[in-house]
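# Inside the fold
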Amino acid sequence: MSNEAAGSPLICRTTTAKALMTGIERSALFALPFSPRKSAMARIVSVFLLALLAISVLATTVLAANGKHHHAKKYGPGSLKPSQCLPQCTRRCSKTQYHKPCMFFCQKCCNKCLCVPPGTYGNKAVCPCYNNWKTKEGGPKCP
């Protein structure tokens, strides 16, 4: 069998099939739904967004594992030195009408606990010692 005899039926069939297709059918068959340039740009953008998401998840996981929050150094038990009590108590008692007693008890609590809660009222859960020190009657000692 020669190459011409074996190859001719295949060549005839493919040639006949190509001849039967119209120009529109050929362009629809071989056309890409999007250009290669847009495809490359879409891949770059999607890889960038995926990397950004992965970095965000990793950073959140690391921070959660270490137990560090943005207030971890500023507030909490033992976060202050005794010399820092006066400015922190001034901040804490700034909006009360009972400034003198607030300052007295705040400084007493701060010197013992080395902690003053954030804000001018509440948030005592941040400083357990400050929160749990009670008067003889059972009321809160620290403002």
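Throughout what follows, the structure given in this document is the object of discussion.

Thresholds, definitions, all that
- Residues numbered from 1 in each chain as written.
- Predicted model: local features only at pLDDT ≥ 70, side-chain atom pairs only at ≥ 80, totals over all residues.
- Heavy atoms only, no water.
- Helix = DSSP H or I, 4+ residues; strand = E, 2+ residues; numbered from the N terminus.
- Buried < 20%, exposed > 50% of the residue type's maximum accessible area, 1.4 Å probe, protein only.
- Contact = heavy atoms within 4.5 Å.
- Areas by Shrake-Rupley, 256 points an atom, 1.4 Å probe, with all protein chains shown as cover.
- Expected span 1.5 Å × (residues − 1).
- Arc of directions from axis to C-beta.
- Disulfide = S-S within 2.5 Å.

Next up on the list: the overall build of the chain. When helices and strands are counted, the chain shows six helices and zero strands. In sequence order, the chain lays out its α and β elements as α-α-α-α-α-α. Looking at the chain as a whole, 15% of its 143 residues are labelled buried. Counting only contacts in the chain whose residues sit at least 6 apart along the sequence, the fraction spanning at least 24 positions is 53%. When the accessible surface of the chain is summed, it comes to about 11,200 Å², and 67% of that surface belongs to carbon and sulfur atoms.

Attention shifts here to unusual backbone geometry. Residues apart from glycine generally show negative phi values, whereas peptide bonds are mostly found in trans. Unusually for a residue other than glycine, Leu114 sits at a positive phi of about 55°. One can find Leu114 in the loop between α5 (99–113) and α6 (128–132). The residue Asn123 is not glycine, and still its phi comes out positive at about 60°. By the element assignment, Asn123 lies in the loop between α5 and α6.

In this model α5 runs 20 Å from its N-terminal to its C-terminal C-alpha over 15 residues, within 8% of the 21 Å that 1.5 Å per residue would give. The set of residues buried in α5 consists of Cys102, Met103, Cys106, Cys109, Cys110 and Cys113. Along the long axis of α5, the arc covered by the buried residues comes to 140°, so they all point the same way. Among the exposed residues of α5, those oriented more than 90 degrees off its buried face are Lys100 and Phe104. Its buried side turned inward, α5 meets α4 (85–92) and α6. Leu114 occupies a position one or two residues after α5 and carries a positive phi of about 55°.

What follows is about the state of the cysteines. Throughout the structure, instances matching the rule amount to six disulfides. Each sulfur in the disulfide pair Cys89 and Cys106 lies 2.2 Å from the other. The S-S bond linking Cys89 to Cys106 shows a torsion near -85°; that makes this disulfide left-handed. Note that Cys89 is positioned in helix α4 and Cys106 in helix α5, a separation of 17 residues in sequence. By the burial criterion, Cys89 is buried, and Cys106 matches it. One disulfide bridge connects Cys109 with Cys142, the sulfur atoms lying 1.9 Å from each other. Given an S-S torsion of about -95°, the disulfide between Cys109 and Cys142 has left-handed geometry. With a gap of 33 residues between them, Cys109 in helix α5 and Cys142 in the segment after α6 connect regions that are remote in the sequence. Taking relative accessible area as the criterion, Cys142 reaches 2% and is therefore assigned buried.

Before going further, it helps to spend a moment on the environment of Tyr75. By secondary structure assignment, the location of Tyr75 is in the loop between α3 (36–66) and α4. Between the C-alpha atoms of Tyr75 and Val126, which are 51 residues apart in sequence, the distance is 6.8 Å. With sequence-adjacent residues up to four places away left out, Tyr75 is seen in contact with Arg91, Val116, Pro117, Pro118 and Val126.

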